[in-house]
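# Examination of the molecular architecture
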Amino acid sequence: MHSVLAPLVDFRLSSTGALLVVLYGVVIGGAFGSFLNVAAYRLPLGMNLSRPGSRCPKCQRPIRPWHNIPVLGWLLLRGRCRDCGAPISPRYPIVELLVAVASGIVVWKSLVPALENDAPAFAIDTIAVVLRLGLIYLLFTSALLEFDGSPLPLRLNLAAVLGLVTLAILVPELRPPQLLSNGTLPPIGILAFPLAAAVVLGLLSWPLLLLPPSAGFASAVARGALLVLLSLVLGGMAVMFAALAAAVLVLISILVQRGWPPAGRLGWAAMLLMVTLVWFVIAGPYLGSNDTVIIGDAFIVPDLPWRTLVPVGVLTAGVVVVGRLVHGITIRRTTKSTP
Ligand SMILES: [Zn+2]
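Residues numbered from 1 in each chain as written. Predicted model: local features only at pLDDT ≥ 70, side-chain atom pairs only at ≥ 80, totals over all residues. Heavy atoms only, no water.

### Quick notes on helix 11 (residues 217-234)
Put simply, the rule is: Only DSSP runs of H or I with at least four residues qualify as helices, and only runs of E with at least two residues qualify as strands; both kinds are numbered from the N terminus onward. Each helix should span, by expectation, one fewer than its residue count multiplied by 1.5 Å. Three exposure classes are used, based on accessible area relative to the maximum for each residue type with a 1.4 Å probe and protein chains only: buried under 20%, partly exposed in between, and exposed over 50%.
Relative to the 26 Å expected for 18 residues at 1.5 Å per residue, helix 11 spans 26 Å between its end C-alpha atoms, a close match to the ideal helical length. Helix 11 sits mainly inside the fold: 15 of its 18 residues count as buried. The positive-phi residue at the C-terminal boundary of helix 11 is Gly235, with phi of around 105 degrees.

Encoded structure:
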């Protein structure tokens, strides 16, 4: 009798329980992947995101609900429209699968450790997981838009930044506890480091943010806003890691592809997305701890930030300069070789 009740009294997530939670995240992620496919298609066209429902781009007939099930729907249809037989791009199930896997990683590294926390922290940790998933979905949408050569949604990204800052000001539990007890720093001051880190790195990466596809000032600001969001949701340390690693990936990409292609390839947002997922795997154990800060800095180390920001900034700037130089050389070579 006692052995049966024991798991209920002592709330500890069993490995089966953890697996179920991760699976839940994967399923939710697949559904969001399906939505992001629609968003990436409709945003550049200025269409409503929810209406009309999904339909075949060729014959315009609505897609049946059971064929709309992420990944499985496409497999059931064997990649063709049920009504007119037009091929449905494998891009849709691939994106759904990638978003599902990414959501699984976030839930596994973030929600599972949070579930083992004390009850009071649980509500805040849940908000944190929702914000982290939101960040990943915004990065996915941006990566898809860049892939299609479409401009990034500047207003949406800026609204997200404003929303997060407002949330951090309104909800004290969402801010660094170390600084809360201090009480001398106003909310905006607490947000200063992650914001400063993002702005400095954004300015240093400016030449990369201006790279095609969808080059131009508005797009560069929209890409920069992604850095600020990343900094607010995951902290200043995460944004430093992500900006440097993404710049290195862009440089490698320029070297491999001999230049930065205009569209149809992975762009800057995709690089940022990849390194953010790597960050989740590396920083996983810290993300669900009671000391976790939700908005602001997940890794407040009092005397570390500026000493880290300077070398990371210099490195990022170096990588950016080399990237632009290589990009310039390859572009000049290709224009010379074509008659
Ligand atoms: Zn059709």
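### Points about the packing of helix 9 (residues 192-204) against helix 12 (residues 236-257)
What counts, and what does not: Every angle, taken between N-to-C directions, lies between 0 and 180 degrees, and every axis is a line fitted to C-alpha atoms, over only the stretch in contact when it is a helix. Angular relationships are summarised with four words: roughly parallel below 35 degrees, roughly antiparallel beyond 145, roughly perpendicular across 65 to 115, and oblique for the angles in between. Take the far helix as your reference; a near helix turned counterclockwise from it by less than a right angle gives a left-handed crossing, and one turned clockwise gives a right-handed crossing. Every residue pair with non-hydrogen atoms within 4.5 Å of one another is taken to be in contact. When residues are grouped by polarity, Ala, Val, Leu, Ile, Met, Phe, Trp, Tyr, Cys and Pro land in nonpolar, Asp, Glu, Lys and Arg in charged, and all others, Gly among them, in polar.
Direction vectors running N to C along helix 9 and helix 12 enclose 15 degrees, while the axes themselves pass 8 Å from each other. Classed by the angle they form, the pair helix 9 and helix 12 counts as roughly parallel. Note that helix 9 runs across helix 12; the crossing there is right-handed. Residue-level contacts link Phe193, Pro194, Ala197, Ala198 and Leu201 of helix 9 to Gly236, Val239, Met240 and Ala243 of helix 12. Here the residues of the contact of helix 9 with helix 12 are counted per class, giving eight nonpolar, one polar and no charged.

### Considering the nonpolar core
Going by this rule: Remark: nonpolar core denotes a set of buried residues (Ala, Val, Leu, Ile, Met, Phe, Trp, Tyr, Cys) joined through side-chain atoms within 4.5 Å. Domain ranges listed in this record stem from an automatic or a database domain assignment.
By size, the foremost hydrophobic cluster in this structure holds 77 residues, and its most contacted members are Ile136, Leu226, Leu230, Leu234, Val250 and Leu272. Per element, the largest residue contribution to this core is 13 residues, and it comes from helix 12. When we break this core down by domain, the ones giving at least three residues each are domain 1 (1-116) and domain 2 (153-339). Every residue in contact with Leu272, bar those within four places of it in the chain, is listed here: Leu139, Leu226, Leu227, Leu230, Ala242 and Ala246.

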